[in-house]
Amino acid sequence: MQFVEGGVTAPKGFTANGMLCGLRKGRTKNDTALVFSEVPCTASGVFTQNRVKAECVKLTMQNISDGTAQAAIANSGIANACTGAQGYKNAERMAAAVANQLKIKKEDVIVCSTGVIGMQLPVEKIEENISTLAGGLSRENHVQAREAIMTTDTHYKECAVQTLIGGKTVTIGAMCKGSGMIHINMGTMLSFVTTDCAISSAMLRKALLSSIQGTYNCVSVDGDTSTNDTLTIMANGLAGNECIQSEGKDFDAFYEALNTLNTEMAKKIAGDGEGATHLIECVVSGAKTVESARLLAKSVVSSSLVKAMFYGRDANFGRILCAMGYSGEVFSPERTVISLCSTKGARRHGATDVLGEPEGKEECIRVFDHGVPLDFDEVRAKEILSEDEVRVRVLLEDGTAQGVAWGCDLTYDYVKINGDYRT
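1. Notes on the overall build of the protein
- Looking only at helices and strands, the protein features 12 helices and 16 strands.
- Going through the 423 residues of the protein one by one, you find that 58% of them count as buried.
- Taking the contacts inside the protein whose residues are at least 6 apart along the sequence as the reference set, 81% of them involve residues at least 24 apart.
- Surface exposure of the protein reaches about 16700 Å², of which carbon and sulfur atoms provide 48%.

2. Quick word on the state of the cysteines
- Under the counting rule described, the total for this entry stands at 1 disulfide.
- Here Cys341 connects covalently by a disulfide to Cys364, the sulfurs 2.1 Å from one another. On the sign convention where negative is left-handed, the bridge of Cys341 and Cys364, at about 110° about the S-S bond, is right-handed. With a gap of 23 residues between them, Cys341 in strand E12 (residues 337-342) and Cys364 in strand E13 (residues 363-369) connect regions that are remote in the sequence.
- A relative accessible area of 0% means that Cys341 is categorised as buried.
- We note that Cys56 lacks a disulfide partner, and the nearest cysteine sulfur, in Cys112, lies 6.2 Å from it.
- For Cys56, a relative accessible area of 1% puts it in the buried group.
- Lacking any disulfide linkage, Cys243 is separated from the closest cysteine sulfur, that of Cys197, by 7.7 Å.

3. Observations concerning the side chain of Asn80
- With respect to the helices and strands, the residue Asn80 is situated in the loop between strand E4 (68-78) and helix H2 (84-102).
- Owing to a relative accessible area of 0%, Asn80 belongs among the buried residues under this scheme.
- Engagement of the side chain of Asn80 in a polar contact is seen with the side chain of Thr83, the distance being 2.7 Å.
- In terms of polar contacts, Asn80 uses its side chain to reach the backbone carbonyl oxygen of Gly87, at 3.0 Å.
- In this structure Asn80 touches Ala54, Glu55, Cys56, Gly87, Asn90, Ala91, Ser113, Val116 and Met119, once residues within four positions along its chain are discounted.

4. Let's talk about the packing of helix H1 (residues 55-63) against H2
- For the pair H1 and H2, the least separation of the axes is 8 Å and the interaxial angle reads 55°. As judged from the angle between their axes, H1 and H2 are oblique. Between H1 and H2 lies a crossing whose hand is right-handed. Where H1 approaches H2, its residues Glu55, Cys56, Lys58 and Leu59 are matched on the opposing element by Gly84, Gly87, Tyr88, Ala91, Glu92 and Ala95.
- Among the residues making up the contact of H1 with H2, the classes are represented as 5 nonpolar, 2 polar and 3 charged.

5. Overview of the side chain of Thr32
- By the secondary structure assignment, Thr32 is in strand E3 (residues 32-47).
- Within the structure, the side chain of Thr32 is placed 3.0 Å from the side chain of Asp31, a separation counted as a polar contact.
- Leaving out residues up to four positions away in the same chain, Thr32 has contacts with Asn17, Gly18, Met19, Cys21, Leu23, Ile73, Ala74, Asn75, Ile126, Leu133 and Ala148.

6. Side note on the pairing of strand E16 (residues 401-408)
- Of all the 8 residues making up E16, 7 are buried; the element is thus mostly covered by neighbouring parts of the structure.
- As judged from the 8 bridges shared by strand E11 (residues 279-287) and E16, these two strands associate in the antiparallel manner. When the bridges of E16 are listed, Ser285 appears paired with Gln402.

7. Concerning the packing of H2 against helix H3 (residues 123-135)
- Contact geometry of H2 with H3 gives a least axis separation of 10 Å together with a crossing angle of 20°. With respect to H3, the element H2 is oriented roughly parallel. Crossing hand, H2 versus H3: right-handed. Seen from H2, the contacting residues are Asn90, Arg93, Met94, Ala97, Val98, Gln101 and Leu102; seen from H3, they are Val123, Glu124, Ile126, Glu127, Ile130, Ser131 and Ala134.
- In terms of residue class, the contact of H2 with H3 is built from 8 nonpolar, 3 polar and 3 charged.

8. Overview of unusual backbone geometry
- Positive phi is not limited to glycine here, since Cys82 has a value of about 60°.
- With respect to the helices and strands, Cys82 occurs in the loop between E4 and H2.
- Phi is positive for Arg313, close to 55°, though the residue is something other than glycine.
- Within the element layout of this structure, Arg313 appears in the loop between helix H8 (304-311) and helix H9 (318-325).

9. Looking at the pattern of salt bridges
- Throughout the structure, instances matching the rule amount to 10 salt bridges.
- One connected set of salt bridges, linked through shared partners, spans Glu281, Glu362, Arg391 and Arg393.

The rules behind each value
Residues numbered from 1 in each chain as written. Predicted model: local features only at pLDDT ≥ 70, side-chain atom pairs only at ≥ 80, totals over all residues. Heavy atoms only, no water. Helix = DSSP H or I, 4+ residues; strand = E, 2+ residues; numbered from the N terminus. Buried < 20%, exposed > 50% of the residue type's maximum accessible area, 1.4 Å probe, protein only. Contact = heavy atoms within 4.5 Å. Areas by Shrake-Rupley, 256 points an atom, 1.4 Å probe, with all protein chains shown as cover. Disulfide = S-S within 2.5 Å. Polar contact = N/O pair within 3.5 Å; in protein donor to acceptor, adjacent residues only side chain to side chain. Axes fitted to C-alpha atoms, helices over the stretch in contact; angles between N-to-C directions. Parallel < 35°, antiparallel > 145°, perpendicular 65-115°, else oblique. Left-handed = near helix turned anticlockwise from the far one by under 90°. Nonpolar A, V, L, I, M, F, W, Y, C, P; charged D, E, K, R; others polar. Pairing = 2+ DSSP bridges. Salt bridge = Lys/Arg side-chain N within 4 Å of Asp/Glu carboxyl O.

Keep in mind these numbers describe shape, not what the thing actually does.
See the structure below:
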């Protein structure tokens, strides 16, 4: 398995484009994206767990329920959420515009929106530009599409991986957006995954639902679950592998590649949280179950006080223990070790072998050991916490399971960005 360039158009048969339709006054970058497969696809998706769902989410859930899709359109700037019957009609008009232009069924169009909640979408501007948008579909224009779905994102997020399945090269690509309103419970963002693997819709869904549990569902930026969260995957089968209809080595190979891709995308989202200066990874080892380890890790990265601690580069480990304590999971502080780590720090001081980590990977400083706070070098700790990516390592003595979650620090800029987001 290897990483490759191209995002959603890296797999065979997929093209994309993005352009500025002028949906929000003052926006100068692309605001509408289109992804298209030259042949129909098996498809699956997962959606927000918020009871208040955007109109585009409602439509896409219906359209994708039969396990097929062929195109996806997404706009940024306006979420088309809390917009009632008119909003639903606007989502339908987006799907119809794509279907008419590409000569496909409107039920095979995925529709997504992101941006300000409670504003009606000027869908006529998309309709006026759909021929230009579709006319620019190409493998190269994934770069236009990845920009078009961004709101407060500071950089685009895309990835692609290749692996061998049944002797055929299979590619999986993705682009996503996510910076604010990001919390555990689906993954809270827009994500479009494409693949040329031949796989049934049932097995595609099985792989997707399993993978998100340890990837997108382990990301938290601010504790808010969006109204628009959507993650879809389309598989067109053009890689030529024998169609995956059941579990086995081919399914395992596909799942491994998909999970690698989803992990990378989840980290990109966490690292680009609104106003963030640090990507925070929490690794809990020695738990009874994977689920328990993940829940403890999620509680740590979701804590506002832990986030603030990392912004201040303050090794206030009591906040980590506190977050673990109210997670609902049973663990013993008297059998817990906590270390704070970063990779770049290893190049300054030389890595130490902490919690079983091979030397040379990262430097860790142990701050809590079996119920007892440790004396540690505060200056060295601040250096470790000053890197762009920092890690909390928690070692329990309850079992052999491990779980990981990702988040970011909480900064003044988060409040600035969201204080006047609508106006």
